[in-house]
Amino acid sequence: MTGLGAVFRPQLPPERLRSVARLADETGLEELWLWEDCFREGGISTAAAALAWTERVRIGVGLLPVPLRNVAVTAMEAAALHRMFPGRPILAVGHGVQDWMGQVGARVESPVTLLREHLDALRALLAGERVTTSGRYVKLDDVALDWPPAEPVPVLAGATGPRTLRLAGEAADGTVLTASTSPEGVRRARQLIDEGINERNQQRQKAAGPSSAGLSPADPSSADPSHQPPTPRHEVVVYLLAATGPDAPARLRAELAAEGVESVPDLGVAGDAGAVAKAVQRLADAGADTVIIQPTGDEPDPEGFVRFVAEEVRPLVP
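None of these values were measured; they are calculated from a predicted model.

1. Observations regarding the packing of aromatic side chains
Turning to step 1, where the next piece is worked out: What the rule picks out here adds up to 3 aromatic pairs.
Turning to step 2, where the next piece is worked out: With a centroid separation of 5.7 Å and an interplanar angle of 65°, the aromatic rings of tryptophan 35 and tyrosine 239 are classed as edge-to-face. Placement of tryptophan 35 in the loop between strand S2 (31–34) and helix H2 (43–53) and of tyrosine 239 in strand S9 (residues 235–243) is noted, with a sequence separation of 204 residues between them. Across the pair, tyrosine 239 and tryptophan 35 agree in class, each one buried.
Turning to step 3, where the next piece is worked out: Judged by centre distance (6.3 Å) and plane angle (45°), the rings of phenylalanine 305 and phenylalanine 308 are tilted. Note that phenylalanine 305 and phenylalanine 308 are positioned in helix H11 (residues 302–313) at a spacing of 3 residues, about one turn of the helix.
Turning to step 4, where the next piece is worked out: Overall, the relative accessible area of 7% leaves phenylalanine 308 in the buried class.

2. Quick notes on the packing of helix H5 (residues 111–126) against helix H6 (residues 162–171)
Turning to step 1, where the next piece is worked out: Two numbers describe how H5 lies on H6: the axes approach to 11 Å, and their chain directions differ by 15°. Taken as axis vectors, H5 and H6 run roughly parallel relative to one another. As H5 runs across H6, the sense of the crossing is right-handed. Taking contact as the criterion, the partners of Val112, Leu115, Arg116, Leu119, Asp120 and Arg123 in H5 are, on H6, Arg163, Thr164, Leu167, Glu170 and Ala171.
Turning to step 2, where the next piece is worked out: Residues that form the contact of H5 with H6 fall into these classes: 5 nonpolar, 1 polar and 5 charged.

3. Focus: the side chain of glutamate 41
Turning to step 1, where the next piece is worked out: Relative to the helices and strands, glutamate 41 is located in the loop between S2 and H2.
Turning to step 2, where the next piece is worked out: At 7.5 Å, arginine 40 is the nearest oppositely charged side chain to glutamate 41, a buried residue that forms no salt bridge.
Turning to step 3, where the next piece is worked out: Residues in contact with glutamate 41, not counting those within four places in the same chain, are Phe8, Pro10, Leu12, Pro13, Pro14, Trp35, Glu36 and Thr46.

4. Some thoughts on the pairing of strand S8 (residues 174–177)
Turning to step 1, where the next piece is worked out: Residues Gly174 and Val176 of S8 are buried on one face, and the alternating residues Thr175 and Leu177, pointing to the opposite face, are buried as well.
Turning to step 2, where the next piece is worked out: The pairing of strand S7 (residues 156–158) with S8 spans 3 bridges and is classified as parallel. Within S8, the residue paired with alanine 157 across the bridge is threonine 175.
Turning to step 3, where the next piece is worked out: In this region the chain leaves S7, passes through H6 and returns to the parallel neighbour S8; the handedness of that crossover is right-handed.
Turning to step 4, where the next piece is worked out: Relative to S9, S8 runs parallel, the two sharing 4 bridges. When the sheet's bridge partners are listed, valine 176 is paired in S9 with valine 237.

5. Here's the deal with H5
Turning to step 1, where the next piece is worked out: The first and last C-alpha atoms of H5 sit 22 Å apart over 16 residues, in line with the 22 Å expected at 1.5 Å per residue.
Turning to step 2, where the next piece is worked out: Taken across its 16 residues, H5 has 12 buried, putting it largely inside the fold.
Turning to step 3, where the next piece is worked out: When H5 is considered as a whole, its buried residues turn out to be Pro111, Val112, Leu114, Leu115, Glu117, His118, Leu119, Ala121, Leu122, Ala124, Leu125 and Leu126.
Turning to step 4, where the next piece is worked out: Backbone geometry just after H5 places glycine 128 at a positive phi near 85°.

6. Let's talk about the nonpolar core
Turning to step 1, where the next piece is worked out: Of all hydrophobic cores here, the largest spans 81 residues; its most connected members are Leu126, Ile293 and Val313.
Turning to step 2, where the next piece is worked out: Broken down by element, the residue count for this core peaks at 9 residues, all from H5.
Turning to step 3, where the next piece is worked out: Filtering out sequence-adjacent residues up to four positions away, isoleucine 293 remains in contact with Leu4, Gly5, Ala6, Val7, Leu240, Ala242, Val276, Val280, Phe305, Val309 and Val313.
Turning to step 4, where the next piece is worked out: Formed by 18 residues, the second largest nonpolar core is a distinct cluster that contains Trp35, Leu256, Val261 and Ile292.

7. Describing the environment of valine 71
Turning to step 1, where the next piece is worked out: Its location among the elements puts valine 71 in helix H3 (residues 71–84).
Turning to step 2, where the next piece is worked out: Judged by relative accessible area, valine 71 falls into the buried class, the value being 4%.
Turning to step 3, where the next piece is worked out: Placed 51 residues apart in sequence, valine 71 and leucine 122 show a C-alpha to C-alpha distance of 6.1 Å.
Turning to step 4, where the next piece is worked out: Apart from the residues lying within four places of it in its own chain, the contact partners of valine 71 are His118, Ala121, Leu122, Leu125, Val138 and Leu140.

8. Examining unusual backbone geometry
Turning to step 1, where the next piece is worked out: In this model, cysteine 38 is joined to phenylalanine 39 through a cis peptide bond whose omega is 0°.
Turning to step 2, where the next piece is worked out: Summarising the element assignment, phenylalanine 39 is placed in the loop between S2 and H2.
Turning to step 3, where the next piece is worked out: With an omega of 15°, the peptide bond running from glycine 62 to leucine 63 counts as cis.
Turning to step 4, where the next piece is worked out: Positionally, leucine 63 belongs in strand S3 (residues 58–65).
Turning to step 5, where the next piece is worked out: Backbone geometry at aspartate 266 places phi at a positive 65°, although glycine is not the residue there.
Turning to step 6, where the next piece is worked out: A residue is classified by how much of its surface remains accessible, and aspartate 266, at 59% relative accessible area, is exposed.

Reading the values: rules and limits
Residues numbered from 1 in each chain as written. Predicted model: local features only at pLDDT ≥ 70, side-chain atom pairs only at ≥ 80, totals over all residues. Heavy atoms only, no water. Phe/Tyr/Trp six-rings, centres within 6.5 Å; stacked < 30°, edge-to-face > 60°. Helix = DSSP H or I, 4+ residues; strand = E, 2+ residues; numbered from the N terminus. Buried < 20%, exposed > 50% of the residue type's maximum accessible area, 1.4 Å probe, protein only. Axes fitted to C-alpha atoms, helices over the stretch in contact; angles between N-to-C directions. Parallel < 35°, antiparallel > 145°, perpendicular 65-115°, else oblique. Left-handed = near helix turned anticlockwise from the far one by under 90°. Contact = heavy atoms within 4.5 Å. Nonpolar A, V, L, I, M, F, W, Y, C, P; charged D, E, K, R; others polar. Lys, Arg positive; Asp, Glu negative; His and termini not counted. Salt bridge = Lys/Arg side-chain N within 4 Å of Asp/Glu carboxyl O. Pairing = 2+ DSSP bridges. Right-handed = clockwise from strand over helix to strand, strands pointing away. Expected span 1.5 Å × (residues − 1). Core = buried A, V, L, I, M, F, W, Y, C linked by side-chain atoms within 4.5 Å.

Fair warning: the whole summary comes from geometry, so function is off the table for now.
Here it is in structure tokens:
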């Protein structure tokens, strides 16, 4: 089944989050995603509040810009959320909008290098490892979490360009794609992500040495690949810009124009639940595991939009 969710956009004031989150929980929506857009709302603070106000809906943050965050702080906050609300937080990191990073003096020469170092350190810390590293940007000296998550947790990466998409496949557990990604863009992204996954697997095989080295004939897992644990699927999450109601086409066109992508085919959808469900299916057919329906920034009824996704669109999406 294709996962489905909705976005609480940070153009809304933070005090609106409570009613939207509770409605998402009550209507059975699977996921509600938040953004840490400069200079609107903090991702961790809003996620913690939304998780505390709800009982079952998963809360995603897509994404946390790594130039703004020391990786130890990211790990501490992520671990706390996962221990307090097991199985419900979903966290994605990315290199952020470079103009915004420049505004706060956090822009780096190589955003991809920083993201790789942050991902490697973050995943190790969340796995309970003690980490010492001296990279170009990430430097840790004998750091370990006192309270790592009780269970393994996935770390997703936001990605758009080819290098970052390959990196996501190599160094993250999943990838978040923006609403500027068409179904064909999802197919291309999947190919690049798979290249990164293959690179990671090759590196692991090289690090392990020849397959026969150090294996005992008495160990069935050394001889039978079926005994090896399955590799978790790399989840691809895609935002879908959507508008519904009598003025939906105009609002959708205006937002696409504001983002400078009005000429890109197959972006966004305006219409009723059937039209939105078909757009979701096109993304799923292209390789999306989860589609997060993103309202326009001027959506007049955020609560009604969540109800629309949960009660009208969800039944139409297999």
